[in-house]
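Notes for the structure review
Each chain is listed here by its residues.
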Amino acid sequence: MNYLSFDVGGTNTKFGILNDKGEIILKDKIPTPKEKDDFFNKVKEIVVEYADEYKIKGIGFSMPGIIDVEKGYTVTSGALSSLYNCYMRDELEKLTGLKVTLENDVNCVALAEKWIGNGKDEKNFISIAIGTGIGGAVIINDSLYRGSKYMAGEFGFMLAKDIENENSRMSTLSLIASTATGIVGAYKELTGKDLSGEEISKLCKEKETNAVKVFDEFYNYIASGIFNLIFAFDPEKVLIGGAISSDKMIMSGIKNRINEIKKMNPDLNNLEFPKIEDCKFNNDSGIIGAVYNFIKEREGENEKR
C-alpha cells in the first residue's frame, strides 16, 4: 500500500509517496501557495498526477499550528493565515476523493521517530524541535499525547525568563532560545553582524568571544527548558530535532549544560537522567510521521467498527 504525504511549511511544502513500512518511494517539494484555494488546487494537481500510478490509498498532512485532529480542523496554521479556522480534512476529501488525516508538524516528527526512528524502542519520550521557533511532542505509553485542546508539546510557549514590560511573549523559549533569535538574533545584537547560525557556530568553535557568549546563553536556556521537561514527564529519552541536531558541538553543549545544572542540586545525585539524542529523521520526518498518523488513524477507525 502506498500513501501520499505532505509536510506543509510557511515557505515550502515537501511531499512524498511512501509505503506502509515508511520507505520513501518518491519525494519532491513546491513553494507553499499562500492562499487557501491555490493551496488546495495544488494538492489536487499532485493527487491527479500520482494517485493512479502509485495506487494511493490516502493522504497524510503534517501541518504547522494547533490541529484538532478529531474534526480535521486547523485552529491555527503558523504563517499560513489563509488556512486558519479551516475544516481542511473534509474539504480535501471532497476535492481529492481520498481519505485525509492532519497532524501537527512536530507531532509528526515524534511519530516518525516512534515508528522507525530513535524512539521506536521507547514507551515514553519527548522530542523538541529547535529552529526558527521551538516546538515539541510527547509520547506516553507508546501513544502521542495531544492534550485536551491539542496544545501538548508546544514547549516554545514556556516562560524561560522573567517577564518584562508586561510582555510575556518576549520571555518564551521560542523567542529567546530558537536559532533565529537565541543564536542569529543574539549575535547580531552584540556585534551588528547578520550571520547565519552555521557561521556563528563555526566562530564559536574558533573561540570567538561574542559567539562563545551567545552559545553559552543559548545552552543555558535550552538546557533549563529540557531540565524542566525531564521532571514534568520523566521520559526514557529526549530527542532533539532541527538543523542544530547535526552539529556535534551544539548537541554536546546542551548535554553538558544539563549535566552541570543537575550537579548543582545535591538532591539529584542518585537520579538517572534520560538519554539525549538527535532525531533520526530531519528533512523527511514530516512526511514519514504524517503517513504513520494516517495508518494509525485508519486502524483506529477499523477497531471501532
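The present account deals with the structure reproduced in this document.

About the cut-offs
Residues numbered from 1 in each chain as written. Predicted model: local features only at pLDDT ≥ 70, side-chain atom pairs only at ≥ 80, totals over all residues. Heavy atoms only, no water. Helix = DSSP H or I, 4+ residues; strand = E, 2+ residues; numbered from the N terminus. Buried < 20%, exposed > 50% of the residue type's maximum accessible area, 1.4 Å probe, protein only. Polar contact = N/O pair within 3.5 Å; in protein donor to acceptor, adjacent residues only side chain to side chain. Expected span 1.5 Å × (residues − 1). Core = buried A, V, L, I, M, F, W, Y, C linked by side-chain atoms within 4.5 Å. Contact = heavy atoms within 4.5 Å. Pairing = 2+ DSSP bridges. Axes fitted to C-alpha atoms, helices over the stretch in contact; angles between N-to-C directions. Right-handed = clockwise from strand over helix to strand, strands pointing away. Salt bridge = Lys/Arg side-chain N within 4 Å of Asp/Glu carboxyl O.

Here we come to the environment of Glu199. Assignment of secondary structure puts Glu199 in helix 6 (residues 197–205). Residue Glu199 is classed as partly exposed on the basis of its relative accessible area, which comes to 41%. With 15 residues separating them along the chain, Glu199 and Val184 place their C-alpha atoms 9.3 Å apart. Within polar-contact distance, the side chain of Glu199 engages the backbone nitrogen of Ser196 at 2.8 Å.

This paragraph deals with helix 7 (residues 209–233). Under the 1.5 Å per step criterion, the end-to-end length of helix 7 is 36 Å for 25 residues, consistent within 8% with the ideal 36 Å. Trailing helix 7 by a residue or two, Asp234 shows a phi angle of about 50°, which is positive.

Another point: the nonpolar core. Core analysis: the biggest nonpolar cluster contains 38 residues, and Phe215, Phe218, Ile226, Ile240 and Ile254 have the highest contact counts within it. Those elements that place two or more of their residues in this core are strand 8 (125–130), strand 9 (134–140), helix 4 (173–177), helix 5 (179–191), helix 6, helix 7, strand 11 (237–241) and helix 8 (248–263). If we ignore the near neighbours within four places in the chain, the residues touching Ile254 are Tyr219, Ile222, Ala223, Ile226, Ile240 and Ile244. Judged by nonpolar contacts, the second largest core, of 31 residues, contains Ile17, Leu92, Leu98 and Leu102.

Turning next to the sheet that holds strand 9. Judged by pairing direction, the sheet is mixed, and its 5 strands sit side by side in the order 10-9-8-11-12 without closing on themselves. At either end of the open sheet lies a strand with only one pairing partner, and these are strand 10 (143–145) and strand 12 (275–278). Going from strand to strand, the sheet's axes swing by 25° on average, the running direction of each strand aside. Taken together, the 3 bridges between strand 9 and strand 10 define a ladder with antiparallel strand orientation. Its bridge partner lying in strand 10, Ile140 is registered against Ser143. Sitting on the sheet, helix 7 touches strand 8, strand 9 and strand 11, and the angle it makes with strand 8 is about 155°.

Taken together, the 4 bridges between strand 11 and strand 12 define a ladder with parallel strand orientation. Its bridge partner being in strand 12, Lys237 is matched across the sheet by Lys275. The parallel pair strand 11 and strand 12, bridged by helix 8, forms a crossover whose chirality is right-handed.

Attention now moves to the pattern of salt bridges. If you walk through the whole model with that rule in mind, you get 15 salt bridges. Among the salt bridges present, the one from Lys14 reaches Asp7, with a minimum N-O distance of 3.6 Å. Judged by relative accessible area, Lys14 falls into the partly exposed class, the value being 30%. A network of salt bridges, in which partner residues are shared, links Glu103, Arg146 and Glu297.

The next thing to look at is the environment of Lys27. One can find Lys27 in strand 3 (residues 24–31). For the pair formed by Lys27 and Leu4, sequence separation is 23 residues and the distance between their alpha carbons is 9.6 Å. Residues within four places of Lys27 in sequence aside, it is in contact with Phe15, Gly16, Asp284 and Ile287. One polar contact links Lys27 to Asp284, side chain to side chain, over a distance of 3.0 Å.

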